[in-house]
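Here is how the chains run, residue by residue.
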Amino acid sequence: MKILAAMSGGVDSAVAAARAVEAGHDVVGVHLALSRMPGTLRTGSRGCCTIEDSMDARRVCDQLGIPFYVWDFSERFKEDVVDDFISEYEHGRTPNPCMRCNEKIKFAALLEKAVALGFDAVVTGHYAKVITNENGNRELHRAADWAKDQSYVLGVLTHEQLKHAWFPLADTPSKAEVRAEAERRGFSVAKKPDSYDICFIPEGDTREWLAEHIEMNIGDIKDTEGNVLGQHEGSQAFTVGQRKGLKIGHPAPDGKPRFVLEIRPKSNEVIVGSKELLAVEEIRGIRCTWAGEPVAQFAEFIQRPAELGAASADIDITSQVRAHADPVLSSAHLEWVSDDESNDENALRLEIVVRLKEGLRGVAPGQTLVMYQDTRVLGQATINRAYSLERADV
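This report concerns the structure included in the present document. No experiment lies behind these values; they were computed from the predicted model shown.

**A short note on the layout of surface pockets**
Point 1. The volume enclosed by the second largest pocket comes to roughly 960 Å³.
Point 2. The dominant element in the lining of the second largest pocket, judged by the number of residues it contributes, is strand 17 (residues 376-388), at 7 residues.
Point 3. Taken together, the residues of the lining of the second largest pocket sort by class into 15 nonpolar, 5 polar and 13 charged.

**Topic: the packing of aromatic side chains**
Point 1. On inspection of all chains with the given rule, the structure shows 9 aromatic pairs.
Point 2. Aromatic side chains Phe200 and Trp209 sit 5.3 Å apart centroid to centroid with 55° between the ring planes, which places their arrangement in the tilted category. Trp209 carries the same exposure label as Phe200, and that label is buried.
Point 3. Aromatic rings pair up to connect Phe77, Phe85, Tyr89, Phe200 and Trp209 into one cluster.
Point 4. Just above the ring of Phe119 sits the side chain of Lys2; from NZ or CZ to the centre is 4.8 Å.
Point 5. The ring centre of Tyr372 lies 3.8 Å from the NZ or CZ of Arg142, which sits over that ring.

**Some thoughts on the pattern of salt bridges**
Think of it this way: side chains of opposite charge can pair up when their charged atoms draw near.
Point 1. This structure, assessed with the given rule, holds 31 salt bridges.
Point 2. Two residues, Asp194 and Lys148, come together in a salt bridge whose shortest N-O distance is 3.5 Å. Taken together, the residues span a long stretch of sequence, with Asp194 in the loop between helix 6 (175-184) and helix 7 (206-213) and Lys148 in the loop between strand 6 (138-142) and helix 5 (159-162) at a distance of 46 residues.
Point 3. Since its relative accessible area comes to 27%, Lys148 is described here as partly exposed.
Point 4. A salt bridge links Arg264 to Glu262; the shortest N-O distance between them is 3.2 Å.

Cut-offs and rules
- Residues numbered from 1 in each chain as written.
- Predicted model: local features only at pLDDT ≥ 70, side-chain atom pairs only at ≥ 80, totals over all residues.
- Heavy atoms only, no water.
- 1 Å grid on protein atoms, 1.4 Å probe; cavity = no way out; pocket = protein on both sides within 12 Å on 5 of 7 lines; lining within 4 Å.
- Points joined across faces, edges and corners; volume = space filled by probe spheres on them.
- Helix = DSSP H or I, 4+ residues; strand = E, 2+ residues; numbered from the N terminus.
- Nonpolar A, V, L, I, M, F, W, Y, C, P; charged D, E, K, R; others polar.
- Phe/Tyr/Trp six-rings, centres within 6.5 Å; stacked < 30°, edge-to-face > 60°.
- Buried < 20%, exposed > 50% of the residue type's maximum accessible area, 1.4 Å probe, protein only.
- Lys NZ or Arg CZ within 6 Å of the ring centre and 35° of its normal.
- Salt bridge = Lys/Arg side-chain N within 4 Å of Asp/Glu carboxyl O.

On their own, these measurements won't tell you what the molecule is for.
And the structure:
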């Protein structure tokens, strides 16, 4: 096959590309330039897709004897990832920019260009598996190494995108084995630290970065009874579940720490309370996408005419709301509800309703809910609302 290897400059993508070459495919390496700002140059092990990374990727391609190119996606990255990140925080939500980057850049813009140029598939160094089921449809599954599994951040991939995705590290038992292989191949990135933090916030201080991009105004910090406990310098810099940085100055009556329970951007208020009040039992998600063909119960429902209040049958799933969180036993169904974001009062939107069989804490609007059955990724939704076990006012 003609393969486009997305080269981040890290050890995982280097080994993935090497395995594709070793398998006899015609491989071309591409590094994505996602920012033109010099401040995104790597410091330590923060960030990804920097100038240093592009040079590391080039060295690997030279060793493999394959062509190497740098594609400038900086404008699209700013619009689809950075601007979206800012907008979500402005509206009191907590986005996941890595999910958006995978959705809009690495498996939309990149794949679109690759297919147009005649490539059969895009290879990346993600730890996840794509299989073809008995019906000939592609499915996304967890990797063999659950500790490094990245299927969560790939939950945004569509059926069409999965047709052209290949993850050569899917069955690798550990990251240590990938590093050992890189060392055997003589790659200089064999011991390169993993990237972390948000790539376009190289210093890692999200609050300070947001303050430079969003107008912050002083507002009240309140408890669930409406009592003013203190003031903040901008509600947009907080996220549900946050404990540090409240600066209330005096302890709660019970002496327990306070956590952010809710952000109200319209009134510029931050609501805080005890850890117990973070627990939720129901999550409603919007903008659902399916990683492959939807399961039968959902596919049948989606094909019916939209009708307010109509709901699909429940299915058993496990839910994951963070990249490294444990999955939680749940049930889920689809509903047609009024679209309160539309100017058309008769407009409907599809929501997924997930009921958790075990409590989850610190679930924030804007986060991504990824749904699984065993190792298979069913799809994802953006969390619109999470219902508390204890609070009737949420």
